[in-house]
Amino acid sequence: MANLSIPADERNLTPQQIDALDLRRRKGTLLLTIAGQFTVILVLLSLWAGSDLVWSPGLAKPIDIYFAIALAIVLIAGSTGVYMRRGAPEF
């Protein structure tokens with residue numbers, strides 16, 4: 001009897017396809033880890049972003065630029081990681 005906890009499209013894979021699937025899921029986990037680490041950086045940057053907007057002279061607002069870059073990395077790496085990790089877990 002088939003293992004019903006595995007999605008239907010993953011039940012009859014060849015060993016090469018299983019290796020590719022595991023590699024994709026490991027890359028997804030890596031991207032989620034990177035997104036988590038940048039989330040910590042984003043929280044720390046948020047402590048200074050407001051004062052940088054108020055007190056930095058002119059258009060030079062380096063903390064806000066770093067905040068925007070970190071936010072983009074979190075959103076892109078997080079959403080890509082979730083997409084790559086889709087399916088049944090490895091363990």
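Residues numbered from 1 in each chain as written. Predicted model: local features only at pLDDT ≥ 70, side-chain atom pairs only at ≥ 80, totals over all residues. Heavy atoms only, no water.

Draft legend 1. A look at the overall build of the protein chain. Secondary structure assignment for the protein chain yields two helices and zero strands. Over its C-alpha atoms the protein chain spans a radius of gyration of 20 Å, topping by over 25% the 12 Å that the globule rule assigns to 91 residues. Here the C-alpha coordinates of the protein chain stretch approximately 70 × 20 × 15 Å along the principal axes. Looking at the protein chain as a whole, 22% of its 91 residues are labelled buried. Long-range contacts, defined here as pairs at least 24 residues apart, represent 65% of the contacts in the protein chain between residues at least 6 apart. Summed over its atoms, the accessible surface of the protein chain is roughly 6700 Å², and 72% of this surface lies on carbon and sulfur atoms. When the 8 basic and 7 acidic side-chain charges of the protein chain are each reduced to a single mean position, those positions are 3 Å apart. (Helix = DSSP H or I, 4+ residues; strand = E, 2+ residues; numbered from the N terminus. Rg over C-alpha atoms; globule rule 2.2 N^0.38 Å. Buried < 20%, exposed > 50% of the residue type's maximum accessible area, 1.4 Å probe, protein only. Contact = heavy atoms within 4.5 Å. Areas by Shrake-Rupley, 256 points an atom, 1.4 Å probe, with all protein chains shown as cover. Lys, Arg positive; Asp, Glu negative; His and termini not counted. Charge placed at Lys NZ, Arg CZ, Asp CG, Glu CD.)

Draft legend 2. Just the environment of Asp52, in detail. Positionally, Asp52 belongs in helix H1 (residues 15-55). The spatial distance from the C-alpha of Asp52 to the C-alpha of Gln16 is 52 Å, given a sequence separation of 36 residues. When residues no more than four places from it in sequence are discounted, the contact partners of Asp52 are Lys61, Pro62, Ile63 and Asp64. Here the side chain of Asp52 touches Ile63 through a polar contact of 3.2 Å, landing on its backbone nitrogen. (Polar contact = N/O pair within 3.5 Å; in protein donor to acceptor, adjacent residues only side chain to side chain.)

Draft legend 3. Broad picture of the packing of aromatic side chains. Scanning all chains against the criterion turns up zero aromatic pairs. Stacked on the ring of Tyr83, the Lys or Arg Arg86 has its end atom at 4.3 Å from the ring centre. (Phe/Tyr/Trp six-rings, centres within 6.5 Å; stacked < 30°, edge-to-face > 60°. Lys NZ or Arg CZ within 6 Å of the ring centre and 35° of its normal.)

Draft legend 4. Region of the structure containing H1. Between its terminal C-alpha atoms H1 stretches 59 Å, which fits the 60 Å expected from 41 residues at 1.5 Å a residue. Here H1 has its buried residues at Leu21, Asp22, Arg25, Gly28, Ala35, Leu42, Leu45, Ala49 and Asp52. Buried-residue contacts for H1 involve helix H2 (62-84). (Expected span 1.5 Å × (residues − 1).)

Draft legend 5. Seen up close, H2. Here H2 is 23 residues long and its end C-alpha atoms lie 33 Å apart, about the 33 Å a rise of 1.5 Å per residue gives. For H2, the complete set of buried residues consists of Asp64, Ala70, Val74, Ala77, Gly78, Gly81 and Met84. Here the buried face of H2 lies against H1.

Draft legend 6. Local environment of the environment of Ala77. Position of Ala77 relative to the elements: it lies in helix H2. Sequence separation of Ala77 and Ile34 is 43 residues, and the distance between their C-alpha atoms is 7.0 Å.

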